[in-house]
Amino acid sequence: MSDIIVTPQTQTRTWPQLGLRWTAVSTLLLILIALFLLSLTLGSVRIPLRQILVILLGGEADKATWATIVYAFRLPKAITAVLAGAALSVSGLQMQTMFRNPLAGPFILGINSGASLGVALVVLTVGVTGTTLLAGLGLLGGFGVIIAATLGAGLVLLLVLLLSRYVDTMTLLILGLMFGYITGALVSLLLYFSSPERIQAYISWTFGSFGGVTWGQLQVMIPAVAAGLALAWLFAKSLNALLLGETYARSLGLNVQRTQAVIILSTAVLAGTVTAFCGPIIFIGVAVPHLCRMAFRTADHRILIPVAVLMGAVVALLADLIAQVPGSQIVLPLNAVMALLGVPVVIWVILRRRSLRSSFAGG
Amino acid sequence: MMTTVDASGLPFTDNRLPASAPILQTHDLTIGYRHGRKQPRIVAEALNVTLHQGELVCLLGPNGAGKSTLLRTMAGLQPLLHGRITLHGDDLTHLTPAQIARRLSIVLTERIDAGAMTAYGLVALGRHPYTNWTGQLSEQDEGVVRWALTAVGAADLAGRQINTLSDGERQKVMIARALAQEPTLILLDEPTAYLDLPRRVEIMRILRQLARQEGRAILLSTHDLDLALRTADQLWLMAADGSLQTGAPEDLVLSGAFGRTFPSDGVAFDLQTGSFRLLEQPIGRIDLAGNGAGAFWTMRALERAGFAVQPGANGAPVQVEVLNGDGRYRWQLTREGQNQTCLSLQELLRILGKKEKAGK
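The model shown is predicted, which means the values in this text are computed figures rather than measured ones.

Draft legend 1. Local environment of the overall build of chain A. Within chain A one finds 15 helices and zero strands. When contacts within chain A are restricted to residue pairs at least 6 apart in sequence, long-range pairs at least 24 apart make up 76% of them. As displayed, chain A has an accessible area near 16600 Å², and 71% of this comes from carbon and sulfur atoms.

Draft legend 2. Representation of the nonpolar core. Core analysis: the biggest nonpolar cluster contains 189 residues, and A:Met221, B:Leu207 and B:Phe258 have the highest contact counts within it. Once you skip the residues sitting within four places of it in the chain, A:Met221 turns out to touch A:Thr80, A:Leu83, A:Ala84, A:Val213, A:Thr273, A:Val274, A:Phe277 and A:Cys278. Among the nonpolar cores identified, the runner-up in size contains 17 residues, and B:Leu288, B:Val318, B:Val320 and B:Leu349 belong to it.

Draft legend 3. Summary view of unusual backbone geometry. Here A:Phe283, not a glycine, exhibits a phi torsion of approximately 75°, which is positive. Looking at where A:Phe283 falls in the secondary structure, it is placed in the loop between helix H12 (256–278) and helix H13 (284–296).

Draft legend 4. Representation of the packing of aromatic side chains in the model. Applying the stated criterion to the full structure yields three aromatic pairs over all chains. Between the NZ or CZ atom of B:Arg127 and the centre of the ring of B:Tyr130, over which it lies, the distance is 4.1 Å.

Draft legend 5. Expanded view of the interface of chain A and chain B. At the junction of the two partners, chain A supplies 33 residues and chain B supplies 43 residues. Across the chain A/chain B interface, buried area totals approximately 3300 Å², and carbon plus sulfur atoms make up 59% of it. Looking only at chain A, the three residues that lose the most surface to chain B are A:Trp15, A:Lys237 and A:Tyr248, adding up to 24% of its buried area. Where chain A touches chain B, the interface holds zero salt bridges. Where chain A meets chain B, there are eight residue pairs in polar contact (both at pLDDT 80 or more).

Draft legend 6. Region of the structure containing the pairing of strand S8 (residues 185–189) of chain B. Residues and elements named next belong to chain B. Burial runs high along S8: five of the five residues are buried. Two strands pair when backbone bridges link them, and strand S7 (residues 104–107) and S8 are joined in this way by four bridges, in the parallel orientation. Bridged to Val107 within S8 is Leu188. Crossover handedness for the path S8 to helix H6 (residues 197–214) to strand S9 (residues 217–221): right-handed.

Draft legend 7. Just the side chain of B:Glu55, in detail. All names here are of chain B. For Glu55, the position within the fold is in the loop between strand S3 (50–52) and strand S4 (56–60). Buried charged residue Glu55 carries no salt bridge. Nearest counter-charge: Arg212, at 9.6 Å. For Glu55, the side chain forms a polar contact with the side chain of Gln234, separated by 3.3 Å. Those residues in contact with Glu55 that lie beyond four places of it in its chain are Thr50, Ala211, Arg216, Ala217, Ile218, Asp233 and Gln234.

Draft legend 8. A look at the sheet that holds strand S16 (residues 318–325) of chain B. Residues and elements named next belong to chain B. Strand order in the open sheet formed by five strands is S15-S14-S16-S17-S18, with mixed pairing between adjacent strands. On the outer flanks of this sheet lie strand S15 (307–311) and strand S18 (338–342), each paired with one strand and no other. Ignoring which end each strand starts from, the neighbouring axes of this sheet average 25° apart. Sheet strands touched by helix H10 (residues 292–305): strand S14 (284–289), S15, S16 and strand S17 (328–335). Its angle to S15, the strand with the most contacts, is close to 155°.

Draft legend 9. Main features of the packing of helix H5 (residues 167–180) of chain B against H6(B). All names here are of chain B. Contact geometry of H5 with H6 gives a least axis separation of 10 Å together with a crossing angle of 15°. In this view, H5 runs roughly parallel relative to H6, as classed from their interaxial angle. Classified by chirality, the crossing of H6 by H5 is right-handed. Every residue of H6 that contacts H5 at Gly168, Gln171, Lys172, Ile175 and Leu179 is listed here: Arg199, Glu202, Ile203, Ile206, Leu207 and Leu210. Its residues assigned to classes, the contact of H5 with H6 shows six nonpolar, two polar and three charged.

Draft legend 10. Structural context of the sheet that holds S4(B). Residues and elements named next belong to chain B. If you trace the six strands from one edge of the open sheet to the other, you get S7-S8-S9-S4-S10-S11, paired in mixed fashion. For this open sheet the edge positions go to S7 and strand S11 (244–247), each flanked by a neighbour on one side alone. On average, each strand axis in the sheet is inclined to that of its neighbour by 15°, with strand direction left out of account. Across four bridges, the pairing between S4 and strand S10 (residues 234–238) is parallel. Across the sheet, the residue bridging to Cys58 is Leu235, located in S10. Packed on one face of the sheet, helix H1 (residues 67–74) meets S4, S7, S8, S9 and S10 and runs near 150° to S8.

Draft legend 11. Geometry of the confidence of the model for chain A. All names here are of chain A. On average, residues of chain A score 81 in pLDDT, and 84% of them are at 70 or above. Ignoring residues within four places in sequence, the model shows residues 1–10, a span with pLDDT below 50, making one contact including any to other chains. Every residue in residues 128–140 scores below 50 in pLDDT, and together they form 25 contacts with partners more than four places removed in sequence or on other chains.

Draft legend 12. Just the confidence of the model for chain B, in detail. Counting all residues, the mean pLDDT for chain B is 86, and 92% of those residues have values of 70 or more. Here residues 1–18 of chain B is a poorly scored stretch, pLDDT under 50, and it has 35 contacts once near neighbours within four places are set aside; other chains count.

Draft legend 13. Helix H14 (residues 301–323) of chain A, seen in detail. Residues and elements named next belong to chain A. Its 23 residues place the ends of H14 31 Å apart at the C-alpha level, agreeing with the 33 Å of an ideal helix rising 1.5 Å per residue. H14 sits mainly inside the fold: 19 of its 23 residues count as buried. Measuring from the side-chain oxygen of the N-cap residue of H14 to the backbone nitrogen of Arg302 gives 2.9 Å; that N-cap residue is Asp300.

Draft legend 14. Spatial organisation of the packing of helix H2 (residues 22–41) of chain A against H14(A). Residues and elements named next belong to chain A. At their nearest, the axes of H2 and H14 sit 9 Å apart, and the two run at 30° to each other. Regarding the angle of H2 to H14, the classification is roughly parallel. As H2 runs across H14, the sense of the crossing is left-handed. Between H2 and H14, the contacting residues are Val25, Leu28, Leu29, Ile31, Leu32, Leu35, Phe36, Leu38 and Ser39 on the first element and Val307, Leu310, Met311, Ala313, Val314, Leu317, Leu318 and Leu321 on the second. In terms of residue class, the contact of H2 with H14 is made up of 16 nonpolar, one polar and no charged.

Draft legend 15. Examining the pairing of strand S1 (residues 22–33) of chain B more closely. All names here are of chain B. Pairing analysis gives three bridges linking S1 to S3, with the strands arranged antiparallel. Its bridge partner lying in S3, Pro22 is registered against His52. Two strands pair when backbone bridges link them, and S1 and strand S5 (residues 82–87) are joined in this way by five bridges, in the antiparallel orientation. In the strand pairing of S5, Leu24 is matched with Leu87. Pairing geometry for S1 and strand S2 (residues 41–47), over four bridges, is antiparallel. If you follow Leu29 over to S2, its bridge partner there is Leu47.

What counts, and where the lines are drawn
- Residues numbered from 1 in each chain as written.
- Chains lettered and ligands numbered in written order.
- Predicted model: local features only at pLDDT ≥ 70, side-chain atom pairs only at ≥ 80, totals over all residues.
- Heavy atoms only, no water.
- Helix = DSSP H or I, 4+ residues; strand = E, 2+ residues; numbered from the N terminus.
- Contact = heavy atoms within 4.5 Å.
- Areas by Shrake-Rupley, 256 points an atom, 1.4 Å probe, with all protein chains shown as cover.
- Core = buried A, V, L, I, M, F, W, Y, C linked by side-chain atoms within 4.5 Å.
- Buried < 20%, exposed > 50% of the residue type's maximum accessible area, 1.4 Å probe, protein only.
- Phe/Tyr/Trp six-rings, centres within 6.5 Å; stacked < 30°, edge-to-face > 60°.
- Lys NZ or Arg CZ within 6 Å of the ring centre and 35° of its normal.
- Buried area = accessible area lost by both parts, 1.4 Å probe.
- Salt bridge = Lys/Arg side-chain N within 4 Å of Asp/Glu carboxyl O.
- Polar contact = N/O pair within 3.5 Å; in protein donor to acceptor, adjacent residues only side chain to side chain.
- Pairing = 2+ DSSP bridges.
- Right-handed = clockwise from strand over helix to strand, strands pointing away.
- Lys, Arg positive; Asp, Glu negative; His and termini not counted.
- Axes fitted to C-alpha atoms, helices over the stretch in contact; angles between N-to-C directions.
- Parallel < 35°, antiparallel > 145°, perpendicular 65-115°, else oblique.
- Left-handed = near helix turned anticlockwise from the far one by under 90°.
- Nonpolar A, V, L, I, M, F, W, Y, C, P; charged D, E, K, R; others polar.
- pLDDT = per-residue confidence, 0-100.
- Expected span 1.5 Å × (residues − 1).

Printed below as a string of C-alpha cells:
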C-alpha cells in the first residue's frame, strides 16, 4: 500500500538542529536575573525593587541603611550563590560524564569530604578563632583555604580516578563513600581535639551558607570559579567525545589522559573553592546536570555547560531565598532546605519521566 | 525500506586511494599484552596481511583467538609487541591519534550509553577529528553527517534518542558514526552480534555496499560463518594458536582451512553445505530422490534425525522420494518393497523412527 505514493524524501527531510536553543536559554537567563533581584529585595527587611535598582545604579536610596544592607550583605551573598550554583553543577556535570555514571557528583564520590579535610587541617594549623570558620582569615588566608580545599578535593578525585581503571562503577561509588567516611573520621578526630567554638564553627560550616563570604573573599572566589568554568568550557568538545567511553574517545583522536587531568583540575577547583567558602553544599552537583539534560534533551556539553551555569545559579538562589524565610529573622540551614525542597522536586521529575535512563543511561 | 546511496552532489571530501591500493598492511606483526616487566603475553605473531581498497574482509576464529586484539592493535588503541603496521604507507606509530582518526574508524562491541543524545548527535561526534577546538560543525560537516546516516539507511532515525533504538537500529547508527569520520578503513568488532537474522543480513549488505560503492576497506570480526562466506571478498581465519590464514572464502573452504581453524569434538565442517554440523554415527542410510527446495529440506530433516542421506538411487535399504504437485509436497517411503505415502516430514520421521526402534 505504502509504495503507491513515492515522495522524494531526501529533499524535504528536516534534520535535527544542533546547538543552543536561544529562546530557552534567554528564558533561563531572565529567571536568573529576576531571582537575583528578588534575593536583593527579600530578607529580614523588605526593600522595594525600585530602591534596589536605585542603589545598584549608584543613586541615593530612601533609607541609608538599605544601601548598607544591599552592599554589605545581600549583594555579596547573591553573587556567591550564583558562583556556587554554577560551579557545583558544572563540576557535577563533568564528573557524570567522566565516570559515565548518573550518580556521580562532588558529594557522592567523597570529593567534598576531601575538601572538608583540607579546610579542617588548614584551620587547625593556622589556628583561626571566630564565629565562622573563614572569618578572620584575610585575603592570604582565603587563598590558603582555597588551596587546601582544592588539594583535598583533587587528591580524592585523583584516587577515585586511578581506582576507576580497575573497578566497575558500582564499586567505585562504594569506594567513594568509604573515602567520605575516612575523611569524615579524620575531620572529627581533628575537631575532637579542638575548642568548642571551633567545633561550633565547623558544624555551622557543614550546614552550608552563601552568607559568610565577604567582598574580599569574592576577589578570590570569582577568578577561581571563572578559571574552573573556563577550563570546562575549553574541554566541552573533549567531554562530548568522552560520552562514548574512553576507547571510542581515543579512536576519535582524543588525548584521554590529558583530558581527564584537565577535568580533574577543573572539578577540583570548582568544588574545592565552593566548599571552602560555603561549606559542603549538597544536591546541586548531582541533580542540576540531570535537570539540564531533561530540560534541553541533549548530551552536548557545548549546550550543557552554559545551561548548567544558569540552572545551577537559579537553583542556588532559589534555595537561599527559601532558607532566608523572607519577612522573618530566621535563617534555616541551606543544606536542609536543599534536601527538603530539592529532592522531592527531582524525584517527581524522574518519576514523571519514568526513569533516569531517558536522560542519562550510565553503566 | 530500500536506501540507495547517492554520493553525487553531497559535500563529501574524496580521500580515496587509487584502485586496489593497499590501505593497511602488517609486517611481521606480533600482537599481545605487556604487563610491566613480566614476559609479554603473545596472542599472535608473524602476521603479514594486507587490506585493499574496496574490500570487505571478515575475520573469523574461535573465541579467544585474538580477533579483538588484532582489531584494537590495527586501530592504534593498543601497542603492538613487534613488527610494523602501515596505514596508507605510513608507520602507524608515527601518526598522531588525530591523524589515525581521519584515516580509520572503529565500531566496538561496547554499548554506548550517552543518554539524552539523538542519533544525529551521536553521528556528529564522528566529526571530532575535523572540527576546531569548539567542536562547532560546519555546513560541510553537517553534510557529511547527513550523508553517513543516509548511506546506512538510518536517515529516518536521525531525530530519535539513542536509548530508544533497537539493537539493529543502534548498530546502523554506530556504523554511520564510524562513516562520518570519513575513513578509508572501518574496523568493526562483531557488528552482527545480538542481532536477529534479517538485521544481520541487512548490516552485512550495508557494509558490502560501503566497500563496493564507496571504495572503503572494511574489516569485521564475526562468528556468522554462513553470512561471512556469502558476503566477504576475503576471509581471515584466525586459529586458537593465533595463526592466520587468508584467502577467498571458497578457496579456504576447499583447502580444508575451516576444519583446522575450528577444531572441535563432535562438530565437523561440511564442504557440501559450507556449515558446521554435528558429528554422529548415522542410524541408517537413506537414498533420496527429488530436487529443489523439497529435496533440500527433506535432506535437512533426515540428517537431523540422524540418517546418512545420499541423493539418487544407491541401493540403500530405505528410499524416500519427494513428490511435488499443486504446490504441496508428498513423500513416498519405500522399504522392503513396501510403499507408504506421508503428508508431512514430521509424519515421515515418525514412521522412520518407529522402524528404527523396532529394528533394534
